[in-house]
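Examining the three-dimensional arrangement
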Amino acid sequence: MKKKNRAFLKWAGGKYNLIEPITALLPEGNKLVEPFVGAGSVFLNTDYPSYVLNDVNPDLISLFKIIKRRPQTFINDARKLFADSTNSDQAYYALRKSFNRSQDDYVRALLFLYLNRHGYNGLCRYNRSGQFNVPFGQYRKPYFPQAEIEIFAEKAQRAVFTCMSFEKVFRRARKGDVVYCDPPYAPLTATANFTSYATAGFSLDQQHELARRAAHAAHKRGIPVLISNHDTDLTRLLYADADLKTLQVARFISPKADGRTKVAELLALYTPSVAASNVISLAQVKRKVAR
């Protein structure tokens, strides 16, 4: 069995443990397009001739571009932040403040890696003012991912990194491409108050629009699309126009140890060979899930 590559960043909802079922469903193509690349586990464990890797987080995409251009310089500089002297709450909050104040892309990239590895649970979270606000993680000795950065940098020579909306990424996709989408998860439970129905700023409207664009790309433009999400009544309605595969995944849904549980994951594959049907409207989704 081929050795799997881990991402050099910790990432909530990362797909390292789902690589096998995801890659089993991904069709062959000239290029893999990821509108929601995150830490890049799928990118690192596939072998397409080229990649378009997108995310709306400019700090993440800037970091990837810098590592692609000058990985060894970045490694040498980033390593200095992984020392006993920087592994304290006082040092962490001082460096977090430096990150939030800096406008230098290279400095922010170094500190982004530091914050990711030293912050609580590897979370990536900003407040409404755009300030990174994840608390100190209190790890005994945070791991410096040199080998993982080197593997990423080598593979990144085949990739183009972009920072734009998923709608723009879909518009730029062409026949011969394959699209893999790992959007922010839909909520495991729904309420009738759909105006606040959002996860990590990704609303119900956006979940619906993603499904609509996936169906359109596959059935009208001949571009296969695979989407991963929670397996819920909502997502089954949204992806009714796709072939669905479900599996159980271990998830940390609480900071406490007893918050570890199995959650159903859904993989929705839209293929050009399937006859297109009408995608359920957003109004229908709201009515059915609210019942």
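Please read these numbers as outputs of a predicted model, since none were measured by experiment. Within every chain, residues take consecutive numbers counted from 1 along the sequence as written. Where totals are concerned, whole chains, interfaces and linings use all residues; where local detail is concerned, this predicted model gives features only for residues with pLDDT of at least 70, and gives and counts side-chain atom pairs only at 80 or more. Only heavy atoms go into the side-chain values, all of them from the structure, while hydrogens and water stay out.

Overview of the overall build of the chain
As a reminder, the rule being used: Every helix listed is a DSSP run of H or I at least four residues long, and every strand listed is a run of E at least two residues long, numbered separately from the N terminus. For every residue, the accessible area (1.4 Å probe, protein chains only) is compared with the maximum for its type, and the residue is labelled buried under 20%, exposed over 50%, or partly exposed between those bounds. A contact between two residues is defined here by any heavy atoms of the two lying within 4.5 Å. All accessibility values rest on the Shrake-Rupley procedure with a 1.4 Å probe; residue burial counts only the protein chains present in the view.
The helix and strand tally for the chain stands at 11 helices and nine strands. The proportion of buried residues among the 291 residues of the chain is 51%. If you take every contact in the chain between residues at least 6 apart in sequence, the share linking residues at least 24 apart comes to 68%. Accessible surface, the chain: about 14700 Å² in total, of which carbon and sulfur atoms supply 49%.

Some remarks on helix H6 (residues 105–118)
This is how the line gets drawn: Under the convention used throughout, the expected extent of a helix is 1.5 Å for every residue step, that is, one less than its residue count.
End to end, H6 covers 20 Å across 14 residues, agreeing with the expected 20 Å (1.5 Å per residue, within 8%). Within H6, 12 of the 14 residues are buried, leaving the element largely enclosed by the surrounding structure. Where H6 is concerned, the buried positions are Tyr106, Arg108, Ala109, Leu110, Leu111, Phe112, Leu113, Tyr114, Leu115, Asn116, Arg117 and His118. Against helix H3 (58–69), helix H4 (71–79), helix H5 (89–101) and helix H7 (146–155) lie the buried residues of H6.

Side note on the side chain of Asn54
Applied cut-off: Between N or O atoms, a polar contact is any pair within 3.5 Å; within protein, one atom must be a potential hydrogen donor and the other a potential acceptor, and residues adjacent in sequence are included only when both atoms are from side chains.
Inspection of the secondary structure assignment puts Asn54 in strand E2 (residues 50–54). Accessibility expressed as a relative area gives 0% for Asn54, which makes it buried. For Asn54, the side chain forms a polar contact with the main-chain oxygen of Pro35, separated by 3.0 Å. Ignoring anything within four residues of it in the chain, the contact list for Asn54 reads Glu34, Pro35, Phe36, Val37, Ile61, Thr162, Cys163, Met164, Ser165 and Val169.

Brief notes about the pattern of salt bridges
We apply this condition: Whenever Lys or Arg places a side-chain nitrogen within 4 Å of a carboxyl oxygen from Asp or Glu, that contact is recorded as a salt bridge.
In the structure shown here, the tally under the stated rule is nine salt bridges. Salt-bridge contacts for Lys80 lead to Asp77; the nearest nitrogen and oxygen are separated by 3.7 Å. Between Arg236 and Asp231 there is a salt bridge whose closest N-O contact spans 2.8 Å. Each of Lys15, Asp182 and Glu265 takes part in a single network of salt bridges with overlapping partners.

Re the packing of aromatic side chains
Any aromatic ring pair is given by two values, namely how distant the centres are and how the planes are angled relative to each other. Under the convention used in this document: Paired rings are identified among Phe, Tyr and Trp, the last through its six-membered ring, by centres lying within 6.5 Å, and are further divided according to the angle between planes into stacked (under 30 degrees), edge-to-face (over 60) and tilted (the rest). Note on geometry: a ring has a charge over it if NZ (lysine) or CZ (arginine) is within 6 Å of the ring centre and within 35 degrees of the ring normal.
Evaluated as defined, the whole model comprises 19 aromatic pairs. Note on Phe74 and Tyr106: the rings are 6.4 Å apart at their centroids and 85 degrees apart in plane angle, and the pair reads as edge-to-face. Placement of the pair is Phe74 in helix H4 and Tyr106 in helix H6, with a sequence separation of 32 residues. An identical accessibility class is assigned to Phe74 and Tyr106; each is buried. An aromatic cluster is defined as three or more aromatic residues linked by ring pairs; in this entry it consists of Phe8, Phe43, Tyr48, Tyr51, Phe64, Phe152 and Phe161. Sitting over the face of the ring of Phe43, Lys155 holds its NZ or CZ atom 4.9 Å from the ring centroid.

Concerning unusual backbone geometry
Of all residues except glycine, most have a negative phi; of all peptide bonds, most are trans. In the Ramachandran plot, Asn121 falls in the positive-phi region, its phi being about 60 degrees despite a non-glycine side chain. Secondary-structure assignment places Asn121 in the loop between H6 and H7. Under the relative-accessibility criterion, Asn121 is labelled partly exposed at 46%. The phi dihedral of Gln138 falls on the positive side, at around 60 degrees, and the residue is not glycine.

Regarding the UniProt feature "binding site: S-adenosyl-L-methionine" (unreviewed entry) in the chain
To be explicit about the condition: UniProt positions are given in the numbering used here, feature names are shortened, and annotations may be inferred rather than shown by experiment.
Under the UniProt annotation, the feature "binding site: S-adenosyl-L-methionine" (unreviewed entry) is placed at Trp11, Lys15, Asp55 and Asp182. Structurally, Trp11 can be placed in the segment before helix H1 (19–25). Take Trp11: its relative accessible area is 26%, and that puts it in the partly exposed class. In this structure, Trp11 is in contact with Gly38, Ala39, Leu60, Phe112, Asn116 and Cys124, ignoring residues within four places of it in sequence. Mapping Asp55 onto the fold places it in the loop between E2 and H3. Setting aside residues up to four positions removed in sequence, Asp55 forms contacts with Pro35, Phe36, Val37, Gly38, Leu60, Ile61, Thr162, Cys163 and Met164.

Focus: the pairing of strand E1 (residues 31–34)
Stated precisely, the cut-off is as follows: When DSSP locates at least two bridges between a pair of strands, those strands are taken to pair.
Here E1 runs beside E2; their pairing, made up of four bridges, is parallel. Across the sheet, Lys31 pairs through a bridge with Ser50, a residue of E2. When E1 meets strand E4 (residues 177–181), the two strands line up parallel, connected through three bridges. Each bridged residue has a counterpart across the sheet, and for Lys31 the counterpart in E4 is Asp177.

Looking at the packing of H4 against H6
The line we're drawing: The axes used here are C-alpha line fits, helices contributing only the stretch in contact, and every angle between their N-to-C directions lies in the interval 0 to 180 degrees. Roughly parallel here means an angle under 35 degrees, roughly antiparallel means over 145, roughly perpendicular means 65 to 115, and every remaining angle is called oblique. Each crossing gets its handedness from the near helix: less than a right angle anticlockwise from the far helix is left-handed, clockwise is right-handed. Under the scheme applied, nonpolar residues are Ala, Val, Leu, Ile, Met, Phe, Trp, Tyr, Cys and Pro; charged residues are Asp, Glu, Lys and Arg; polar residues are all the others, including Gly.
In the contact formed by H4 and H6, the axes pass within 10 Å of each other and the chain directions differ by 60 degrees. The angle between the axes of H4 and H6 places the two elements in the oblique class. In terms of crossing hand, the pair formed by H4 and H6 is right-handed. Seen from H4, the contacting residues are Thr73, Phe74, Asp77 and Ala78; seen from H6, they are Tyr106, Ala109, Leu110 and Leu113. When the residues that make up the contact of H4 with H6 are grouped by side-chain class, the tally is six nonpolar, one polar and one charged.

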